[in-house]
Amino acid sequence: MLLVTEAGLGDGETAIFPIQIFRVKEGVNFNPGEPNYDLFKLACRVSAKRLFPNFSFQDAPFNLKYYKEGHPETEIAYMGCRTRVMANVHDPEKEITPGRGNLSFTSINLPRIAIMANKNIDWFFNELDHKTDLVVEQLLERFEIQAKKKVHNYPFLMGEGIWIDSDKLGCNDEVREVLKNGTLSVGFIGLAEALKALIGVHHGESEVAQNLGLDIISHMRNRLDALSQKTKLNFTLLATPAEGLSGRFVEIDRKRFGSIEGVTDREYYTNSFHIPVYYPISAYKKIQLEAPYHALTNAGHITYVELDGDPSTNLDAFEKIIRYMKAQGIGYGSINHPVDRDPICGYNGIIGDTCPKCGRKEDEGEVGFQRIRRITGYLVGTLDRFNNAKRAEVRDRVKHSVVTEVKLTPKED
Ligand SMILES: [Zn+2]
């Protein structure tokens, strides 16, 4: 699989599907001498050329706690874009990956609550609780609609026994008990802009902001955990992928509150708990600051690092970043780097203004160069079908340096 991904399609094109995730596990593939260490090295080599595979980390404490050796169903399996299903308050005997899924999720606009808080942190937390409760009510209403359906309404998922215990039901039975194994998720967007609005700095800029950010996300998680215990339904917290949302929310908020520096003055809100894409920061520090949010977002998360140049010429640096992700407790991550292709001559690599192979410029010839980029977990060969907000976000992405190791105490600016 890795070798054909590395080879590419017929003319050497990078395949944008299927998404591949390499699960890193100590004792299996992480250290020299382990049985599949060669596959880990190969995964790094292929990802440095083709952007896939992404990497998930079985040893992150929040993934390891469910792992039982010899029981592959207890291994973490992220969906390509990031979603994750594992804990199970409905049936603690079945804290497994297969046979379940996310039933629905709704995201909260953190920057809007922060703007309306007018720098009053207590008001912010209070309003956040109100909004969370509102979302929970909505999720429960949706659950009720799904749960009232019969097995014959889901001929594949239930009729074929895909979901846990659905094989024990008749075709006219209600699916409620089976669906209780699924998750109902509350998501969020724009932690960085919310922090800017509340205290004037985001979590990449200040340790105070990082601590407040962790307080906010912990607060949401605790509320959902308590609710799960109370209702015996799996309410989980999602670091929302925000494909359409990132532009939509900021547009509404800019109309309502005007252009606020660092908050509503860009075309997009920053994805979930990410450090803003435009903020210069080293790869190591970004990983270090984002990792603690992975432990809190039990419905899914991802951390990206943007590299300049061609990492396949420096595989040691590539592997070092992956190893650092694991060391810091990242659950799921991947490294972005430029992958360009000239469809006319077939050159694959980094193309500036001129193709290094045939020497043509972008506007010479009938088609331009393909520039593969990753948006919300997926690879795309063109940004044309994406909304302006996501295109602006891709444009603003700065590369993360890997030259200097991060100090363990974040430096205050
Ligand atoms: Zn060319």
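Here the residue index of a chain counts from 1 through its sequence in written order. Predicted model: local features are reported for residues with pLDDT of at least 70 only, side-chain atom pairs are reported and counted for 80 or more only, and whole-chain, interface and lining totals are derived from all residues. As a rule here, side-chain values cover all heavy atoms of the structure and leave hydrogens and water aside.

A. Seen up close, the overall build of the protein chain. In DSSP terms, a helix is any run of H or I states spanning at least four residues, a strand is any run of E spanning at least two, and both are numbered starting from the N terminus. Per the secondary structure count, the protein chain includes twelve helices and eleven strands. Relative to the globule expectation of 22 Å for 413 residues, the C-alpha radius of gyration of the protein chain, 22 Å, shows essentially globular dimensions. Along the first, second and third principal axes, the C-alpha set of the protein chain runs to 65 × 50 × 45 Å. When checking whether two residues touch, look at their non-hydrogen atoms; a contact exists if any pair is within 4.5 Å. By sequence separation, contacts in the protein chain at least 24 residues apart represent 68% of the contacts at least 6 residues apart. Using the Shrake-Rupley algorithm and a 1.4 Å probe, accessible areas are obtained, with residue cover drawn only from the displayed protein chains. For the protein chain, the exposed surface amounts to about 18200 Å²; the carbon and sulfur share of it is 53%. With C-alpha atoms as the basis for the radius of gyration, the globule rule is written as 2.2 Å multiplied by the number of residues raised to the power 0.38.

B. A look at the coordination of the zinc ion. Because no water is among the atoms considered, metal sites can look incomplete, with donors defined as N, O and S atoms within 2.8 Å of the metal, or 3.2 Å for Na, K and Ca. Note on the zinc ion: its protein donors are Asp342 (OD), Cys345 (SG), Cys355 (SG) and Cys358 (SG). The metal-donor distances range over 2.0 to 2.3 Å. One chain supplies every donor for the zinc ion, spaced along it as D-x2-C-x9-C-x2-C. Taken together, the residues span a long stretch of sequence, with Asp342 in the loop between strand S8 (339-341) and strand S9 (348-349) and Cys358 in the loop between S9 and strand S10 (370-375) at a distance of 16 residues. Classification of residues uses two cut-offs on accessible area relative to the type maximum, computed with a 1.4 Å probe and protein chains only: under 20% is buried, over 50% is exposed, and between them is partly exposed. For Cys358, a relative accessible area of 39% gives the class partly exposed.

C. Focus on the pairing of strand S1 (residues 21-24). Here S1 shows one buried face, formed by Phe22 and Val24, and one open face, formed by Ile21 and Arg23. When DSSP finds two or more bridges between a pair of strands, those strands are recorded as paired. Of the pairings in the sheet, the one linking S1 to strand S2 (residues 54-57) comprises four bridges and is parallel in character. Directly across from Val24, in S2, lies its bridge partner Phe57. With the strands aimed away from the viewer, a crossover counts as right-handed if its path from the first strand over the helix to the second runs clockwise. A crossover links S1 with its parallel partner S2, the connecting element being helix H2 (residues 37-50), and its sense is right-handed.

D. Representation of helix H5 (residues 121-147) in the model. Here H5 contains 27 residues, and its C-alpha end-to-end distance of 38 Å stays within 8% of the 39 Å for a straight helix at 1.5 Å per residue. Nitrogen and oxygen atoms within 3.5 Å of one another constitute a polar contact, given that in protein one can donate a hydrogen and the other can accept it, and given that sequence-neighbouring residues count only through two side-chain atoms. Two or three places before Asp122, at the opening of H5, Asn120 has a side-chain oxygen 3.2 Å from that residue's backbone nitrogen. Helix span is expected to be 1.5 Å times the residue number reduced by one.

E. Helix H12 (residues 388-396), seen in detail. Within H12 the residues assigned to the buried category are Ala389, Lys390, Ala392, Glu393, Val394 and Asp396. As for H12, its buried residues are in contact with helix H9 (245-257) and S10.

F. Representation of a nonpolar patch on the surface in the model. The grouping of Phe156, Leu157 and Ile162 at the surface amounts to a nonpolar patch, some 280 Å² of accessible area in total. When you line up the elements, Phe156 lands in the loop between H5 and helix H6 (176-179). Look at Phe156 and you get exposed, because its relative accessible area is 55%. Residues forming no salt bridge and having over 30% relative accessible area are the ones grouped into patches, like charges within 9 Å of each other and nonpolar side chains (Val, Leu, Ile, Met, Phe, Trp, Tyr) within 5 Å. The salt bridge criterion pairs a side-chain nitrogen of Lys or Arg with a carboxyl oxygen of Asp or Glu, the two atoms within 4 Å.

G. Region of the structure containing the packing of aromatic side chains. Two rings from Phe, Tyr or Trp (for Trp, the six-membered ring) form a pair when their centres are within 6.5 Å of each other. A pair whose planes differ by under 30 degrees is stacked, one over 60 is edge-to-face, and the rest are tilted. As enumerated under the stated definition, the model contains ten aromatic pairs in all. Relative to Tyr324, the ring of Tyr284 lies with its centre 5.0 Å away and its plane at 90 degrees, an arrangement referred to as edge-to-face. Note that Tyr284 is positioned in helix H10 (residues 283-296) and Tyr324 in helix H11 (residues 315-328), a separation of 40 residues in sequence. For the residue pair Tyr284 and Tyr324, the accessibility class agrees, reading buried in each case. In textbook terms, an aromatic cluster arises when at least three aromatic residues are bridged by ring pairs, as seen for Phe22, Phe30, Tyr37, Phe40, Phe55 and Phe318. The ring centre of Tyr278 lies 3.4 Å from the NZ or CZ of Arg266, which sits over that ring. Distance and angle both matter: a charge sits over a ring if NZ of Lys or CZ of Arg is within 6 Å of the ring centre and within 35 degrees of the ring normal.

H. Quick peek at the pattern of salt bridges. Evaluation of the coordinates by the stated rule reveals 33 salt bridges. For Asp340, the salt bridge goes to Arg371, with nearest N and O atoms at 3.3 Å. With Asp340 in strand S8 and Arg371 in strand S10, this pair connects stretches of sequence that are 31 residues apart. We classify Asp340 as buried; its relative accessible area is 2%. Residue classification places Arg371 among the partly exposed residues on the basis of a relative accessible area of 24%. Salt-bridge contacts for Arg360 lead to Asp342; the nearest nitrogen and oxygen are separated by 2.8 Å. Within this pair, whereas Arg360 is found in the loop between S9 and S10, its partner Asp342 is found in the loop between S8 and S9, the two being separated by 18 residues in sequence. An identical accessibility class is assigned to Arg360 and Asp342; each is buried. Salt bridges here are not isolated pairs; linked through shared partners, they connect Lys25, Glu26, Asp59 and Lys326.

I. Main features of the sheet that holds strand S5 (residues 234-238). Sheet architecture is open: three strands sit in the order S3-S4-S5, paired in parallel fashion. Edge positions in the sheet fall to strand S3 (102-109) and S5, since each has one partner strand and no second. Here the average twist between neighbouring strands, direction ignored, is 25 degrees. Across the sheet, helix H4 (residues 110-117) touches S3 and strand S4 (183-189), and the angle it forms with S3 is around 30 degrees. Axis definition: a line fit to C-alpha positions, over the contact stretch in the case of helices; interaxial angles, taken between N-to-C directions, run 0 to 180 degrees. Packed onto the sheet, helix H8 (residues 207-231) meets S3, S4 and S5 and runs at close to 165 degrees relative to S5.

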